[in-house]
Amino acid sequence: MKPEKIWLSSPHMGGKEFEYVQEAFASNWVAPLGPNVNGFEASLEAYLGQGSHIAALSSGTAAIHLALILLGVERGDEVLCQSLTFSASANPIVYQGATPVFIDSEPDTWNICPSHLETAIKDRIAKGKKPKAIIAVHLYGMPFKVNEVMAVAERYEIPVIEDSAEALGSSYNGQKCGTFGAIGILSFNGNKIITTSGGGALVSKNEKIKEKAIFLATQARDEAPHYQHSEIGYNYRLSNISAGIGRGQMEVLDEHVQLRRKMHDFYKLVFEDREGISVFSEPSDMLFSNHWLSCITVDATRAGISSEAIREALAQDNIESRTLWKPMHLQPVYWDAPYYGAKISETLFQQGLCLPSGSNLTDTDRERICAVLEKCK
Ligand SMILES: *Cc1c(COP(=O)(O)O)cnc(C)c1O
């Protein structure tokens, strides 16, 4: 018989979620609005601080789409985007009829490289088109180089969309991720650090942006007794049932961040003296990662084993692990998109592996994972 599956990252309920969902049923707020939506937004706003205003939405992808619309991205525009990321960071650019221009990573945080970013901006301007926005990602919870990236963005006056889908609970210089960009976005998909089963949010310092996001997310109805529309709207609001799950999850968020970080410490110990294998860690104390996923890179010649062989060994014992995101500039769907960089993201993709990282993993799970990894030599 196969041992029980150990997942990469699975939902972890805190306990109160079901009460909030039951309240929604009891009061018949079974709709994409209601007390849980307001309560969830308020607790996110308090958590992120910095005077954040938050619109709860149906997904992180929807949040990126609305962010692009709110920043005026239109057909024919160009948007700069980190290449090493999940496709949902980039796809909304195409929904708008705009073109993504992909940027390589830098090796410290695996996120958008400030110097390739600047090269790209200069070159696109020289070619006659100034990019409309920059999408930077805090991949696997690791903050990108905020000071450096924001400095480039400000120099050329291009707004940053901060994709914080994987980084709720991370911070940079003591300030929470999600609060740095012109607009930030969060995701509460099933595998993220907290989940609403599916959901997302748009973060802004400006209450008007929140109001406009909600207006667009609820079909863009003009103020009139009948249904009247002067703009194209979307059905992107979060349901009051899902938001109930989110309210419960917010109560255990910090505890779950600590547990994810404990998984990272566990892998640091497992690979302590292992030649050729390094655990992805904060390059300095200024960065604080929620370690949504713990990742390693494996230099196969020095380690005597490849990341793929480790993935297969774990799978043999019914333990899920996964390659890093395949860079967008290597995706068939984006082959003709411009790319600026070298081979950092490509090399990370070849050498990297995400390991089971859930806040709900047990000592027994860790023993099983450790036993397989010890044998991988
Ligand atoms: C999950 C994720 C998204 C999209 O969020 P959904 O809620 O799944 O739509 C966007 N960007 C990154 C980096 C993600 O990991």
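Residues numbered from 1 in each chain as written. Predicted model: local features only at pLDDT ≥ 70, side-chain atom pairs only at ≥ 80, totals over all residues. Heavy atoms only, no water.

S.K.: So what's going on with the pattern of salt bridges? Which residues, and what values?
M.R.: Tallied over the entire structure, the rule returns 19 salt bridges. Here Glu251 ties to Lys16 by a salt bridge, and the two come within 3.6 Å at their closest N and O atoms. Of this pair, Glu251 sits in the loop between α8 (240–250) and α9 (253–270) while Lys16 sits in the segment before α1 (17–26), placing them 235 residues apart in sequence. Accessibility expressed as a relative area gives 42% for Glu251, which makes it partly exposed. (Salt bridge = Lys/Arg side-chain N within 4 Å of Asp/Glu carboxyl O. Helix = DSSP H or I, 4+ residues; strand = E, 2+ residues; numbered from the N terminus. Buried < 20%, exposed > 50% of the residue type's maximum accessible area, 1.4 Å probe, protein only.)

S.K.: Please provide a residue-by-residue account of the domain arrangement of the protein chain, values included.
M.R.: The domain architecture assigned to the protein chain consists of domain 1 (17–252) and domain 2 (254–375). Interface of domain 1 and domain 2: buried area, both sides summed, is about 3800 Å²; carbon and sulfur atoms make up 64% of it. Viewed at the interface, domain 2 and domain 1 are joined by zero salt bridges. Across the side of domain 1 that touches domain 2, the residue classes tally to 21 nonpolar, 15 polar and eight charged. (Domains from an automatic or database assignment. Buried area = accessible area lost by both parts, 1.4 Å probe. Nonpolar A, V, L, I, M, F, W, Y, C, P; charged D, E, K, R; others polar.)

S.K.: Account for unusual backbone geometry, naming residues and giving values.
M.R.: One non-glycine residue with positive phi stands out, namely Tyr140, at about 55°. Within the fold, Tyr140 resides in the loop between β4 (133–137) and α6 (146–155). Using a relative accessible area of 2% as the deciding quantity, one classes Tyr140 as buried. Even without a glycine there, the phi angle at Asn173 is positive, about 55°. For Asn173, a relative accessible area of 53% puts it in the exposed group.

S.K.: Go over the pairing of strand β3 (residues 99–103) with me, naming the residues and quoting the values.
M.R.: Here β3 lies mainly inside the structure; four of its five residues are buried. The pairing of β3 with strand β13 (residues 339–340) spans two bridges and is classified as parallel. The residue bridging Phe102 from the neighbouring strand is Tyr339, located in β13. (Pairing = 2+ DSSP bridges.)

S.K.: Any details on the environment of Asn147? Residues and values, ideally.
M.R.: In this structure, Asn147 sits in helix α6. Accessibility expressed as a relative area gives 44% for Asn147, which makes it partly exposed. Along the backbone, Asn147 and Tyr172 are 25 residues apart, and their C-alpha atoms lie at a distance of 9.2 Å. For Asn147, the residues in contact, after removing those within four places along its chain, are Tyr172 and Met286. (Contact = heavy atoms within 4.5 Å.)

S.K.: Tell me about the pairing of strand β9 (residues 200–204), residues and numbers included.
M.R.: Burial runs high along β9: five of the five residues are buried. By the alternation rule, side chains of β9 split into Gly200, Leu202 and Ser204 and Ala201 and Val203, which are all buried. Bridge analysis of strand β1 (residues 53–57) against β9 gives five bridges, and the strand direction is antiparallel. Each bridged residue has a counterpart across the sheet, and for His53 the counterpart in β9 is Ser204. Pairing of strand β8 (residues 183–187) with β9 involves four bridges; the strand directions are antiparallel. Looking at β9, one finds that Leu186 is bridged to Ala201.

S.K.: Give me the packing of helix α5 (residues 114–126) against α6: which residues, what numbers.
M.R.: Two numbers describe how α5 lies on α6: the axes approach to 9 Å, and their chain directions differ by 15°. Here α5 lies roughly parallel to α6, going by the angle between them. The interaxial crossing formed by α5 with α6 has right-handed handedness. Of α6, the residues touching α5 (which contributes Pro114, Leu117, Glu118 and Ile121) are Glu148, Val149, Val152 and Arg155. Of the residues in the contact of α5 with α6, the class split is five nonpolar, no polar and three charged. (Axes fitted to C-alpha atoms, helices over the stretch in contact; angles between N-to-C directions. Parallel < 35°, antiparallel > 145°, perpendicular 65-115°, else oblique. Left-handed = near helix turned anticlockwise from the far one by under 90°.)

S.K.: Got a sec to walk through the site of the ligand? Specific residues and values, please.
M.R.: By nearness alone, 15 residues border the ligand, and Thr61, Asp163, Glu166, Ser187 and Lys192 come closest of all. Here an oxygen atom of the ligand sits 2.9 Å away from a polar atom, N or O, in the side chain of Asn189. Within the backbone of Gly199, one N or O atom sits 3.5 Å away from an oxygen atom of the ligand. The fraction of the free accessible surface of the ligand (380 Å²) that becomes covered by protein chains is 95%. When atoms are counted within 2 Å of each cavity's grid points, the one that captures over half of the ligand is the largest pocket. (Near = heavy atom within 4 Å. Polar contact = N/O pair within 3.5 Å; in protein donor to acceptor, adjacent residues only side chain to side chain. Areas by Shrake-Rupley, 256 points an atom, 1.4 Å probe, with all protein chains shown as cover. 1 Å grid on protein atoms, 1.4 Å probe; cavity = no way out; pocket = protein on both sides within 12 Å on 5 of 7 lines; lining within 4 Å. Sits in = over half its atoms within 2 Å of the grid points.)

S.K.: For helix α3 (residues 60–70), give the residues involved together with the corresponding values.
M.R.: Counting buried positions along α3 yields eight of 11 residues, so the element is predominantly enclosed. Buried residues of α3: Gly60, Ala62, Ala63, Ile64, His65, Leu66, Ala67 and Leu68, and no others. In this structure Ser59 caps α3, since a side-chain oxygen of it lies 3.3 Å from the backbone nitrogen of Thr61. Looking one or two residues beyond α3, the residue adopting positive phi is Gly72, at roughly 85°.

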